[in-house]
Amino acid sequence: MAELTGTQIDAALESGRIARETEPRAASARYDERSGRIVVELINRCTFAFPPRLAQGLEDGSSDQLAAVEILGEGYGLHWEALDVDLSIPGLLAGIFGTKAYMARRAGQATSPAKAAAARANGAKGGRPRKAARG
């Protein structure tokens, strides 16, 4: 194992200090039953809120379960013990509310006037063509 120099250690400590000051971290988190949202106060005094129905594992949580949110580590994550759910603050801020597969399923559930019109037009043509059988 390589020995670290004092300069390398100082640089690592400075890098950590900068990360603690600039990366998004939770100072507090709570479930606001009135608005139906998880509210996260960040250490930079910004507030982020999201409806639990968007997040994998929180969709069917009761008010009591959602209210039992804990902050993980130095504020980089949220944890719900009763629901066995962990979400990262950087991920939530980036719009990532679950695994890749979960996010793909949610994207497929999106509705819009254009999507509805395309589905009606496709249905009027007899629906989606069947795949040809491979021999």
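Reading the values: rules and limits
Residues numbered from 1 in each chain as written. Predicted model: local features only at pLDDT ≥ 70, side-chain atom pairs only at ≥ 80, totals over all residues. Heavy atoms only, no water. Helix = DSSP H or I, 4+ residues; strand = E, 2+ residues; numbered from the N terminus. Buried < 20%, exposed > 50% of the residue type's maximum accessible area, 1.4 Å probe, protein only. Phe/Tyr/Trp six-rings, centres within 6.5 Å; stacked < 30°, edge-to-face > 60°. Contact = heavy atoms within 4.5 Å. Pairing = 2+ DSSP bridges. Axes fitted to C-alpha atoms, helices over the stretch in contact; angles between N-to-C directions.

A. Geometry of unusual backbone geometry. The phi dihedral of Arg-45 falls on the positive side, at around 75 degrees, and the residue is not glycine. Within the secondary structure, Arg-45 sits in the loop between β2 (37–42) and β3 (47–50). The exposed category is assigned to Arg-45, whose relative accessible area is 78%. In the Ramachandran plot, Asp-84 falls in the positive-phi region, its phi being about 55 degrees despite a non-glycine side chain. Classification of Asp-84 as exposed rests on a relative accessible area of 65%.

B. Representation of the packing of aromatic side chains. All chains considered together, the criterion is met by 2 aromatic pairs. Aromatic side chains Phe-48 and Phe-50 sit 5.7 Å apart centroid to centroid with 35 degrees between the ring planes, which places their arrangement in the tilted category. Taking the relative accessible area as the measure of exposure, Phe-48 reaches 18% and is therefore buried. A centroid spacing of 5.7 Å and a plane angle of 50 degrees characterise the contact between Phe-50 and Phe-97, whose relative ring orientation is tilted. Here Phe-50, found in strand β3, pairs with Phe-97, found in the loop between α3 (89–93) and α4 (100–108); they are 47 residues apart in sequence, far enough to count as distant. Taking relative accessible area as the criterion, Phe-50 reaches 1% and is therefore assigned buried. In this structure Phe-97 comes out as buried when scored by relative accessible area, which is 12%. Members of the aromatic cluster, joined through ring pairs, are Phe-48, Phe-50 and Phe-97.

C. Highlighting the side chain of Arg-25. With respect to the helices and strands, the residue Arg-25 is situated in the loop between α1 (6–22) and β1 (26–32). Once residues lying within four places of it in the same chain are set aside, the contact partners of Arg-25 are Arg-20, Glu-41, Leu-42, Ile-43, Glu-74, Gly-75, Tyr-76 and Ile-89.

D. Inspection of the sheet that holds β3 at higher detail. The strand order across the open sheet formed by 3 strands is β1-β2-β3, and the pairing between neighbours is antiparallel. At either end of the open sheet lies a strand with only one pairing partner, and these are β1 and β3. Averaged over all pairs of adjacent strands, the angle between strand axes in this sheet comes to 15 degrees, irrespective of strand direction. Judged from the 4 bridges that link them, β2 and β3 form a sheet pairing that is antiparallel. Among the inter-strand pairings, Val-39 is bridged to a residue of β3, identified as Ala-49.

E. Structural context of the pairing of β1. Judged from the 6 bridges that link them, β1 and β2 form a sheet pairing that is antiparallel. Bridging from a neighbouring strand, Tyr-31 pairs with Ile-38 of β2.

So yeah, pure geometry; function would need other evidence.
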